[in-house]
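Report on the structure
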Amino acid sequence: MATETTAAAQGHVSPLALEEAGKCVDTHGGAIGLPQLCGEWMGNQVFWLVVALVIIFFVLSRIALPRIGAVLAERQGAITNDIAAAEDLKAKAVSAEEAFNKAEADARTAAQAIIADAKAEIKGDLDEAMAKADAEIAAKAAEGEKAIAEIRNNALANVTEVAKAATKDIVAAMGGKADAKTVNAAVTARMKG
Amino acid sequence: MEGDIVQMGAYIGAGLACTGMGGAALGVGHVVGNFLSGALRNPSAAAGQTATMFIGIAFAEALGIFSFLVALLLMFAV
Amino acid sequence: MATETQTGAAEQGAGLAFHPMDQFIVKPLFGDGAVGLFTVTNVTLWMALTVLAIIGLMVLGTSSRSTIPSRIQSVAELCYGFIRKMVEDVAGKDALPYFPYVMTLFLFILFSNFLGLIPGSFTTTSHIAVTAVLAMLVFLTVTLMGFIKHGAGFLSLFWISSAPLPLRPILALIEVISYFVRPVSHSIRLAGNMMAGHAVIKVFAAFAPMIILSTGIGLIVTPMSILAITAIYALEVLVSFIQAYVFTILTCVYLKDALHPHH
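Residues numbered from 1 in each chain as written. Chains lettered and ligands numbered in written order. Predicted model: local features only at pLDDT ≥ 70, side-chain atom pairs only at ≥ 80, totals over all residues. Heavy atoms only, no water.

Some words on the overall build of chain B
Across its full length, chain B carries four helices and zero strands. Helices and strands appear in chain B in the N-to-C order α-α-α-α. Projected onto its principal axes, the C-alpha coordinates of chain B cover approximately 65 × 15 × 10 Å. The burial tally for chain B puts 28% of its 78 residues in the buried class. Considering only contacts within chain B whose residues lie at least 6 apart along the sequence, 77% involve residues at least 24 apart. (Helix = DSSP H or I, 4+ residues; strand = E, 2+ residues; numbered from the N terminus. Buried < 20%, exposed > 50% of the residue type's maximum accessible area, 1.4 Å probe, protein only. Contact = heavy atoms within 4.5 Å.)

And the structure:
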């Protein structure tokens, strides 16, 4: 403690004597003992402490704390609102996307239908044309076959004529006498064979 | 003369009473050390227990405060 | 710390002047008269500054009520949220009506501690008279509230029903003693921490002018003491907050005991 040095300076008054006399401060303004235990000052401190605490309590409970609580609640509300708005917008975006997807799908099916229709139409036309062409080709073929048959018949008749004439000539050359009727029958029989 | 001896005894006693604060220091160190070793094992649970740690420190320190109080009483009240 | 008187050092002429306790002297601001009950003293001055600082932070700082807070407003909201959460977590939801009361204690102690760290200031919370009033306020509130809310059932706080029956009277005795010792430890913890820290800074400060007395040893002692003051000052900033926190959290623990006395 500071008491020893100051006592030396004072010379005659012992600090213990001063302390016993209830003094808290020596003649130089230094502390005697522990200032915290000086009873003389306690009333003053307690009085001003109570004043300070009462002021702080009323300022806090009447003004500051409700205000801060309101600000925090407001901020919480604002955040909640913002989140709700964001959710709303998100839902809107999702529904817009769905509508778009639906429209796209619709358009796609419509396009598919149109394509199928066109395809069917084209196919019908094609089939028709094919059938027509087939029929024409068949008719042409039949005509050709008929002509070929005719030509073959003609050729056969010619060959028969030639064969009959040649046979008559060959028989005559051999010195026989060819009966036209017999020769014809024989050639016809041979031709069939 | 007799008063001086009483004074001397009181001062020696106050000094001895201060050793109790060392005990409080050990206690506080023990609390914080164990808290830390637990917190390092399970850091996720540590944040919720800091308040408990401070309460533990306060209770450990309270007993050191009594030795301080005894020292003060010996110095200034006896 | 400016409360130290220069006269003592001047009279000694040479040697270091140790007056670590002079910073705690209460004296009138005007004149040299005795300190009466209503005298305006340095206690008044520093408590008024504490009140003004709290009003500045909690009222002026939040006056814009903006949704996007300014810096001061965020600090005020931080304090609000911190203490509110502490009351809710430690004492329970039904302790929320006592939130302004706990907040008052916390802010007063916090600002007194921090203002006391200004060099030359007076630390109101380093006085046992002040902290004892704070602790007795808590003690009386808690005790009265416990008896009002639970009547004689509040006494079950001391009767630990989970302990074996033969042990219960002994435990009850211990519990009663520890209950009545609460305001003592509650107040002296705060005052003792504040007083000890400031006194230590002052003791180191007394070593600082060593270089004036002796250049040889002073070259070592003076820088060392200045470094030590800096380090202890940093520690004291931390202690100032922690002690305010501990005082508040213990208040919450005691409140919980009063609201839910059954173990």
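Quick word on the interface of chain B and chain C
The parts lose accessible area when they come together, and the size of an interface is often stated as this lost area. Of the residues lining the interface, twelve residues belong to chain B; the matching set on chain C comes to 16 residues. Together chain B and chain C conceal approximately 1200 Å² of surface at their shared face, both sides included; 85% is due to carbon and sulfur atoms. Of all residues in chain B, Phe 54, Ile 55 and Ile 65 of chain B bury the most surface against chain C, accounting for 37% of the area lost on that side. Linking chain B to chain C there are one salt bridge. Within the side of chain B that touches chain C, the residues separate by chemical class into eleven nonpolar, no polar and one charged. (Buried area = accessible area lost by both parts, 1.4 Å probe. Salt bridge = Lys/Arg side-chain N within 4 Å of Asp/Glu carboxyl O. Nonpolar A, V, L, I, M, F, W, Y, C, P; charged D, E, K, R; others polar.)

Digging into the packing of helix 5 (residues 128-150) of chain C against helix 6 (residues 168-207) of chain C
Residue and element names in this part refer to chain C. Where helix 5 contacts helix 6, the two axes come as close as 8 Å, and the packing angle between them is 145 degrees. For the crossing formed where helix 5 meets helix 6, the hand is right-handed. Contact with helix 5, carried on its side by Ile 128, Thr 131, Ala 132, Ala 135, Met 136, Val 138, Phe 139, Val 142 and Thr 143, involves Tyr 179, Phe 180, Pro 183, His 186, Ser 187, Leu 190 and Ala 191 of helix 6 and no other residues of that element. Considered class by class, the residues forming the contact of helix 5 with helix 6 number twelve nonpolar, four polar and no charged. (Axes fitted to C-alpha atoms, helices over the stretch in contact; angles between N-to-C directions. Left-handed = near helix turned anticlockwise from the far one by under 90°.)

What about the packing of helix 3 (residues 39-174) of chain A against helix 2 (residues 42-60) of chain C?
Between helix 3 of chain A and helix 2 of chain C, the shortest axis-to-axis distance is 10 Å and the interhelical angle comes to 5 degrees. Taken together, the axes of helix 3 of chain A and helix 2 of chain C lie roughly parallel to each other. (Parallel < 35°, antiparallel > 145°, perpendicular 65-115°, else oblique.)

So, the interface of chain C and chain A
Taken together, the contact between chain C and chain A spans 52 residues of the former and 44 residues of the latter. Overall, the association of chain C and chain A removes approximately 4300 Å² of surface from exposure, summing both partners, and the carbon and sulfur fraction of that is 73%. Our count for the contact surface shared by chain C and chain A stands at one salt bridge. A salt bridge links Glu 77 of chain C to Arg 75 of chain A, with the shortest nitrogen-to-oxygen separation between them at 2.9 Å. Where chain C packs against chain A, one counts ten residue pairs in polar contact (both at pLDDT 80 or more). Contributions of two or more residues to the side of chain C that touches chain A are made by helix 1 (6-12), helix 2, helix 3 (71-91), helix 4 (99-116) and helix 5 of chain C. Looking at the side of chain C that touches chain A, the element that brings in the most residues is helix 2 of chain C, giving eight residues. (Polar contact = N/O pair within 3.5 Å; in protein donor to acceptor, adjacent residues only side chain to side chain.)

Examining the confidence of the model for chain B
Of the residues in chain B, 99% reach a pLDDT of 70 or more, and the chain-wide mean stands at 87. Per-residue pLDDT, averaged within each element of chain B, yields its smallest value for helix 4 (residues 50-76) of chain B (85) and its largest for helix 2 (residues 19-41) of chain B (92). (pLDDT = per-residue confidence, 0-100.)

Comments concerning the packing of aromatic side chains
All names here are of chain C. If you walk through the whole model with that rule in mind, you get 15 aromatic pairs over all chains. Ring geometry for Phe 158 against Tyr 179: centres 5.3 Å apart, planes inclined by 85 degrees, an arrangement best described as edge-to-face. On the criterion of sequence distance, the pair formed by Phe 158 in the loop between helix 5 and helix 6 and Tyr 179 in helix 6 is long-range, its members being 21 residues apart. Take Tyr 179: its relative accessible area is 4%, and that puts it in the buried class. Three or more aromatic residues joined by ring pairs form one cluster here, namely Phe 139, Phe 147, Phe 154, Phe 158, Tyr 179 and Phe 180. (Phe/Tyr/Trp six-rings, centres within 6.5 Å; stacked < 30°, edge-to-face > 60°.)

What about helix 2 of chain C?
Taking 1.5 Å of rise per residue, the 19 residues of helix 2 of chain C would be expected to cover 27 Å, and the 25 Å separating its terminal C-alpha atoms lies within 8% of that figure. Inspection of helix 2 of chain C places Asn 42, Val 43, Thr 44, Trp 46, Met 47, Thr 50, Val 51, Ile 54, Leu 57, Met 58 and Val 59 of chain C among the buried residues, and these make up the whole buried set. For helix 2 of chain C, the elements touching its buried residues are helix 3 of chain A together with helix 3, helix 4 and helix 5 of chain C. (Expected span 1.5 Å × (residues − 1).)

A closer look at the nonpolar core
Membership of the largest hydrophobic core comes to 91 residues, with the highest contact counts inside it found for Leu 60 of chain A together with Met 58, Met 103, Leu 107 and Phe 108 of chain C. Elements represented by at least two residues in this core include exactly helix 3 of chain A, helix 4 of chain B together with helix 2, helix 3, helix 4, helix 5, helix 6 and helix 8 (215-259) of chain C. The biggest single contributor to this core is helix 8 of chain C, with 13 residues. Look past the residues within four positions of Leu 107 of chain C in its chain and what remains in contact with it is Leu 60 of chain A together with Ile 54, Met 58 and Cys 79 of chain C. (Core = buried A, V, L, I, M, F, W, Y, C linked by side-chain atoms within 4.5 Å.)

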